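# Structural overview for review
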Amino acid sequence: MEPRRVPTVAYVLVTAILLGAGGYWWHRGAPAPVPSAAHLPAPSTPPMTPEMRDALQTLPEVLAEGQAGEVAGVLDPMLVDGEGQPDERMAELPQGAYELRLACVAPGGRLRLTLRSQTGEAPSDEVLQCSSDLGWQRRTLIIPHDLGLATVVTLVENADSAVVAWRIIPHQPPGPAEEWDDQVLALLPDRMGLRSTGFELVSGQSRRHRFDLPEGAYSLRMACAGDTVVRVSVTGQGGQAVDMFCDADSTYLMDLMGGKVGGTFAFEALGGSGSAYVRAIVVDRIPLY
């Protein structure tokens with residue numbers, strides 16, 4: 001008997017089914033196509049330089065150097081989008097003198113920090129030029145009346161992004177009031193032939209002092225100890241002014257011109273309370289950089 005032959009049409013049909021099934025499963029297991037660069041989604045965070053990445057890790061310890069006591073307000077290092085909304089946070093700030101530590105790390109740009117009361121007053125508006133350094137700058141912050149719950153507004157200007165941080169620290173007196181004059185005298189001792197002055201100053205009051213000197217260029221070294229901040233300004237010499245922390249651990253320097261047009265300084269104790277002992281001494285000209 002001759003073998004039974006399967007029709008050719010059946011072979012064709014079975015082959016087509018198998019090929020179709022194999023193609024379906026290959027298509028499901030194949031990797032998805034990679035989109036071109038033009039279709040990739042934009043990054044969700046602002047760009048960061050290596051210095052900015054380091055700042056996020058390093059700045060907390062840097063800002064805490066030499067800190068005594070508790071902080072009244074703090075912004076831990078964070079990446080701020082220069083195109084985004086300002087950062088706003090609350091801080092309870094009773095009347096008194098404070099130290100404001102500001103840090104901003106970014107290529108160019110600047111940091112603006114504004115303190116705003118609930119009534120809309122702005123007793124402080126500080127601007128700090130950003131840099132690649134991991135340090136911080138110290139500024140005085142005087143609260144002349146009780147702000148209560150204040151709003152601290154942080155804004156980055158002229159930069160795509162920046163790593164910023166700040167701390168508000170209540171000013172700590174250097175010791176008992178009866179020791180303030182001795183502490184300042186130890187910083188600026190009397191020297192033969194040099195002009196000097198020393199006096200107590202109460203917050204809200206001011207005092208003028210004139211150094212009668214021959215014409216020429218001099219420098220004035222100053223220091224104070226107390227529980228307030230003293231602003232020193234000089235008349236007739238380009239509007240110089242400096243705010244001194246009365247912590248008895250550092251001296252401040254200003255240019256001084258002798259003769260008829262120079263030599264008069266105004267010392268003003270800022271804030272609504274507190275006092276300080278102030279001392280100033282004339283020395284040979286020291287360049288200010």
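Going by the structure above, here's the rest.
Scoring rules and cut-offs
- Residues numbered from 1 in each chain as written.
- Predicted model: local features only at pLDDT ≥ 70, side-chain atom pairs only at ≥ 80, totals over all residues.
- Heavy atoms only, no water.
- Helix = DSSP H or I, 4+ residues; strand = E, 2+ residues; numbered from the N terminus.
- Expected span 1.5 Å × (residues − 1).
- Bend = angle between axes of the 7 residues up to and from the residue.
- Buried < 20%, exposed > 50% of the residue type's maximum accessible area, 1.4 Å probe, protein only.
- Contact = heavy atoms within 4.5 Å.
- Polar contact = N/O pair within 3.5 Å; in protein donor to acceptor, adjacent residues only side chain to side chain.
- Patch = residues over 30% accessible without salt bridge, like charges linked within 9 Å, V, L, I, M, F, W, Y side chains within 5 Å.
- Areas by Shrake-Rupley, 256 points an atom, 1.4 Å probe, with all protein chains shown as cover.
- Salt bridge = Lys/Arg side-chain N within 4 Å of Asp/Glu carboxyl O.
- Lys, Arg positive; Asp, Glu negative; His and termini not counted.
- Charge placed at Lys NZ, Arg CZ, Asp CG, Glu CD.
- Pairing = 2+ DSSP bridges.
- Axes fitted to C-alpha atoms, helices over the stretch in contact; angles between N-to-C directions.
- Phe/Tyr/Trp six-rings, centres within 6.5 Å; stacked < 30°, edge-to-face > 60°.

With that settled, consider helix α2 (residues 50-63). In an α-helix, one full turn covers 3.6 residues, which means residues spaced three or four apart are oriented alike. Here α2 contains 14 residues, and its C-alpha end-to-end distance of 19 Å stays within 8% of the 20 Å for a straight helix at 1.5 Å per residue. At Q57, α2 is deflected by roughly 50°, the largest bend along its length, and proline P60 occurs up to four residues later in sequence. Burial in α2 covers these residues: M52, A55, L59, V62 and L63. Looking at the buried residues of α2, the elements they touch are β1 (73-81), β3 (96-105) and β8 (161-170).

Below, the discussion takes up the side chain of D255. With respect to the element layout, D255 can be found in strand β13 (residues 252-258). The class for D255 is buried, based on a relative accessible area of 17%. Within polar-contact distance, the side chain of D255 engages the side chain of R285 at 3.1 Å.

Before going further, it helps to examine a negative patch on the surface. On the surface, E178, E179, D181, D182 and E200 cluster together into a negatively charged patch. Along the polypeptide, E179 turns up in the loop between β8 and α3 (180-187).

What follows covers the environment of Q183. Mapped onto the elements, Q183 comes out in helix α3. Relative accessible area serves as the criterion here: at 21%, Q183 is assigned to the partly exposed category. Between the C-alpha atoms of Q183 and A225, which are 42 residues apart in sequence, the distance is 7.1 Å. Once you skip the residues sitting within four places of it in the chain, Q183 turns out to touch P174, G175, A225 and A248.

The 4 strands lie next to each other as β1-β8-β3-β6, forming an open sheet whose pairing is antiparallel. This sheet does not close on itself; its edge strands, each paired only once, are β1 and β6 (137-143). Shown here is a sheet whose adjacent strand axes are inclined to one another by a mean of 20°, direction ignored. Docked against the sheet, α2 engages β1, β3 and β8, running at close to 5° with respect to β8.

For the rest of this paragraph, the subject is the packing of aromatic side chains. Inspection of the entire model under this criterion finds 2 aromatic pairs. An angle of 80° between the planes, with centres 6.2 Å apart, marks the rings of F211 and F265 as edge-to-face. Of this pair, F211 sits in the loop between β10 (206-210) and β11 (216-234) while F265 sits in strand β14 (residues 264-269), and the two are 54 residues apart along the sequence. Its relative accessible area of 0% is what places F265 among the buried residues.

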